[in-house]
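# Observations on the three-dimensional arrangement
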Amino acid sequence: MWIKNAQDPGYDATVVNLLLENGAQILGKTNCDEFGMGSLSIHSFFKPVINPFTPANVPPAKKSEPRSAGGSSGGSAAIATHKLCFAALATDTGGSTRLPAAYCGVAGLKPSYGLISRWGVIAFADSLDTVGIIASKVENIRRVYVILIPVESDVVAQYDERDPTSVPVDIRNAAHDACEHFPVLEDINDLGKLRIGIPQEYFPAELGDTVLKPFRRVLQALEQRGASLIPVSLPSTKYALSAYYVLASAEASSNMARYDGVRYGMQYRPPYDADLSKTSDVYAHTRSFYFGKEVKKRILLGTYALTAESVHNVSVMEHIPNQPIFRAFDNYYLKAQELRKLIRQDFNNVFRIPNVLQSSNTSKTTTTQGVDILLHPTTIRTAPLLSEISDKGLDTYVQDVLTVPASLAGIPAISIPSIADDGWPVGTSIVGQWGSDEKVLKVAELME
Ligand code: GLN
């Protein structure tokens, strides 16, 4: 049961209330990257989350070297690994449910943006944040999913007026109707009607054989069961990671502004004699002391990307007199928004089901050419050793390269586990059109 203490919030999130109303027990809180900013659960006040997965056939010495559980919801994936809970809630802004699920050998669902209420969930980047679900079995994820989005007489009904980004009921119903074009998959061994797209841009140079081999095995098994594997192209994928980090940081910088130590967050009082007569000094001391390094980095990056004032680089201007005025807002934030549209359009171009969120698309009939779902590896590698992250300065941001496109497009994606040749888990992501979460879950169940 929920044990209230001083650090607990004064109210529960809609998702927590729904679970409690339906008889679930909340066991506790799990560790994660501060404000969800990270890919490896290393940016935490409570120290890193250690991956609890135990590979078979690996010498004990190698087993004991601690690995990252992935992040940012690493703690949720870790407790699901040894079935310490039926399911765990997580958040997914750019991959934080799918990535730790892949590294820990469990399943993780990022739902369509706007379906599950975010009321009571701490905001990182509002236009991307979703509540994710992690469990050892897809079936458990489904059972939690239907509690969070109750399906009443076949109509997806759960709209939360307290969440301004909650999608209205008519759009939910339209998505439900659009999904009728999804093939009926009843016979587990006959996937003949299922058209699976393999996006060719999802195999970057960083993706090694460790991940490719198990992914090929997954594809072979699906082909044997009759599914059609269709190579597709999502050409704007290459811009996704940069666009994501500009947008997510910009939104984060605005969200973090509320932690001023006066209305929100704890207030820091320096032990030495500091002049705190100005409120801005109280803010500065509090924010400098309590925010972690990664959060500060995002605030700086995001604030810069939102800077509308002209930035004159004096040394450059001296040499090039006609240098156009550089505005970070136009060059980063607006550009990233344009790229986000292209990324969304790429997905709409390949799916058979129309995207009901795009008004120009609602009347579009389904195409026979399109695919029902997309399949790609969730991560570029298996869980990194924690020593590797600190010693070799592993590029943590690249970890998200395969998960951020679905986040930018707001579409559902679930990662399901398989085992690589080195004994460590990898994930396969199943991605669907907006609102086709039930179908994505169905395919995941058939593949499990
Ligand atoms: N790793 C990404 C980031 O740090 C995504 C995090 C998330 O989904 N919460 O922004």
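Cut-offs used in this document
Residues numbered from 1 in each chain as written. Predicted model: local features only at pLDDT ≥ 70, side-chain atom pairs only at ≥ 80, totals over all residues. UniProt positions renumbered as here; feature names shortened; annotations may be inferred. Helix = DSSP H or I, 4+ residues; strand = E, 2+ residues; numbered from the N terminus. Buried ≥ 20, exposed ≤ 12 C-beta atoms within 10 Å, placed from the backbone. Near = placed C-beta within 6 Å. Nonpolar A, V, L, I, M, F, W, Y, C, P; charged D, E, K, R; others polar. Axes fitted to C-alpha atoms, helices over the stretch in contact; angles between N-to-C directions. Parallel < 35°, antiparallel > 145°, perpendicular 65-115°, else oblique. Left-handed = near helix turned anticlockwise from the far one by under 90°. Contact = placed C-beta atoms within 7 Å. Pairing = 2+ DSSP bridges. Expected span 1.5 Å × (residues − 1). Domains from an automatic or database assignment. Core = buried A, V, L, I, M, F, W, Y, C linked by C-beta atoms within 7 Å.

In the nomenclature of an unreviewed UniProt entry, the protein chain corresponds to Glutamyl-tRNA(Gln) amidotransferase subunit A, mitochondrial from the organism Clathrus columnatus. Within the UniProt record for the protein chain, the comment given under Subunit (unreviewed entry) is "Subunit of the heterotrimeric GatCAB amidotransferase (AdT) complex, composed of A, B and C subunits." According to UniProt, the comment filed for the protein chain under the heading Sequence similarities (unreviewed entry) is "Belongs to the amidase family. GatA subfamily."

## Regarding unusual backbone geometry
Backbone torsion omega between G71 and S72 reads 10°, so that peptide bond is classified as cis. With a phi angle near 80°, K47 is a residue other than glycine that sits in the positive phi range. Among the secondary structure elements, K47 is positioned in the loop between helix 1 (14–21) and helix 2 (60–63). Classification of K47 by C-beta neighbours within 10 Å gives exposed; the count is 9.

## Focus on the site of the ligand
The environment of the ligand is formed by 14 residues, the closest being G36, S39, T93, G94 and S96. Looking at the shell around the ligand residue by residue, the class counts come to 3 nonpolar, 9 polar and 2 charged.

## Focus on the packing of helix 8 (residues 240–256) against helix 12 (residues 328–350)
Packing of helix 8 against helix 12 leaves a shortest axis separation of 9 Å and a crossing angle of 125°. Considering the angle they form, helix 8 stands oblique to helix 12. Of the two elements, helix 8 crosses helix 12, and the hand of that crossing is left-handed. Facing A240, A243, V246, L247 and A250 of helix 8, the residues of helix 12 in contact are Y332, Y333, A336, L339, R340 and I343.

## Let's talk about the pairing of strand 1 (residues 88–92)
Here strand 1 lies mainly inside the structure; 5 of its 5 residues are buried. The alternating pattern of strand 1 places A88, A90 and D92 on one face and L89 and T91 on the opposite face, and all of these are buried. Pairing of strand 1 with strand 3 (residues 130–135) involves 5 bridges; the strand directions are antiparallel. Bridge assignment links T91 to a residue of strand 3, and that residue is V131.

## Brief notes about helix 16 (residues 437–447)
Of all 11 residues in helix 16, 8 are buried; the element is thus mostly enclosed. Within helix 16, burial applies to D437, K439, V440, L441, K442, V443, A444 and M447. Close packing links the buried residues of helix 16 with strand 2 (107–110), helix 5 (138–148), strand 10 (373–377), strand 11 (413–419) and strand 12 (425–431).

## Thoughts on helix 8
For helix 8, spanning 17 residues, the distance from its first C-alpha to its last is 23 Å, which sits close to the expected 24 Å at 1.5 Å a residue. Burial analysis of helix 8 places 14 of its 17 residues in the buried class, the great majority of the element.

## With respect to the domain arrangement of the protein chain
Assigned domains within the protein chain: domain 1 (14–233 + 365–447) and domain 2 (242–336). Computed from C-alpha atoms alone, the centre-to-centre distance between domain 1 and domain 2 is 31 Å. Across the contact, 17 residues belong to domain 1 and 12 residues belong to domain 2. Split into classes, the residues belonging to the side of domain 1 that touches domain 2 amount to 9 nonpolar, 6 polar and 2 charged.

## Topic: the nonpolar core
If you look at the biggest cluster of nonpolar residues, it comprises 100 residues, and the most contacted ones within it are I134, I141, I430 and A444. Looking at this core element by element, the count peaks at 11 residues for helix 8. Taken together, domain 1 (14–233 + 365–447) and domain 2 (242–336) each give at least three residues to this core, which thus spans both. Residues within four places of I141 in sequence aside, it is in contact with A87, A107, L109, I133, A135 and L441.

## Quick notes on the sheet that holds strand 1
Each strand in a sheet pairs with its neighbour through backbone hydrogen bonds, running either in the same direction (parallel) or in the opposite one (antiparallel). Strand order across the open sheet formed by 8 strands is 1-3-2-11-12-10-6-7, with mixed pairing between neighbours. Single-partner strands in this sheet number two, and they are strand 1 and strand 7 (228–232). Adjacent strand axes in the sheet meet at a mean angle of 30°, parallel and antiparallel pairs treated alike. Pairing geometry for strand 6 (residues 195–199) and strand 10, over 2 bridges, is parallel.

## Looking at the UniProt feature "active site" (unreviewed entry) in the protein chain
Mapped onto this numbering, the UniProt entry annotates "active site" (unreviewed entry) at S72 and S96. For the annotated residues, spread through 25 residues, the largest C-alpha to C-alpha distance comes to 4.7 Å, consistent with a single compact locus. Take S72: it is sitting in the loop between helix 2 and helix 3 (74–81). Not counting the four nearest positions on each side in its chain, S72 is found in contact with C32, D33, G36, M37, G38, S39, S41 and S96. With respect to the helices, strands and loops of the structure, S96 is situated in the loop between strand 1 and helix 4 (98–104).

## Quick look at the packing of helix 5 against helix 16
Put simply, helix 5 and helix 16 touch, their axes get as near as 9 Å, and they point 160° apart. Taken together, the axes of helix 5 and helix 16 lie roughly antiparallel to each other. Helix-helix and strand crossings are classified by hand; for helix 5 and helix 16 the assignment is left-handed. Residue-level contacts link V138, E139, I141, R142 and Y145 of helix 5 to L441, A444 and E445 of helix 16. Taken together, the residues that form the contact of helix 5 with helix 16 break down as 5 nonpolar, no polar and 3 charged.

## As for the pairing of strand 3
Regular strands place side chains that alternate from one sheet face to the opposite one. With respect to burial, strand 3 is a largely interior element, 6 of its 6 residues being buried. Residues of strand 3 alternate between two faces, with T130, G132 and I134 on one and V131, I133 and A135 on the opposite face, all of them buried. Where strand 2 meets strand 3, 3 bridges bridge the pair, whose relative direction is antiparallel. Residue G108 lies in a different strand from strand 3, and its bridge partner there is I134.

## Observations concerning the environment of D126
Among the structural elements, D126 can be located in the loop between strand 2 and strand 3. Residues D126 and K47 lie 79 residues apart in sequence; the distance between their C-alpha atoms is 26 Å.

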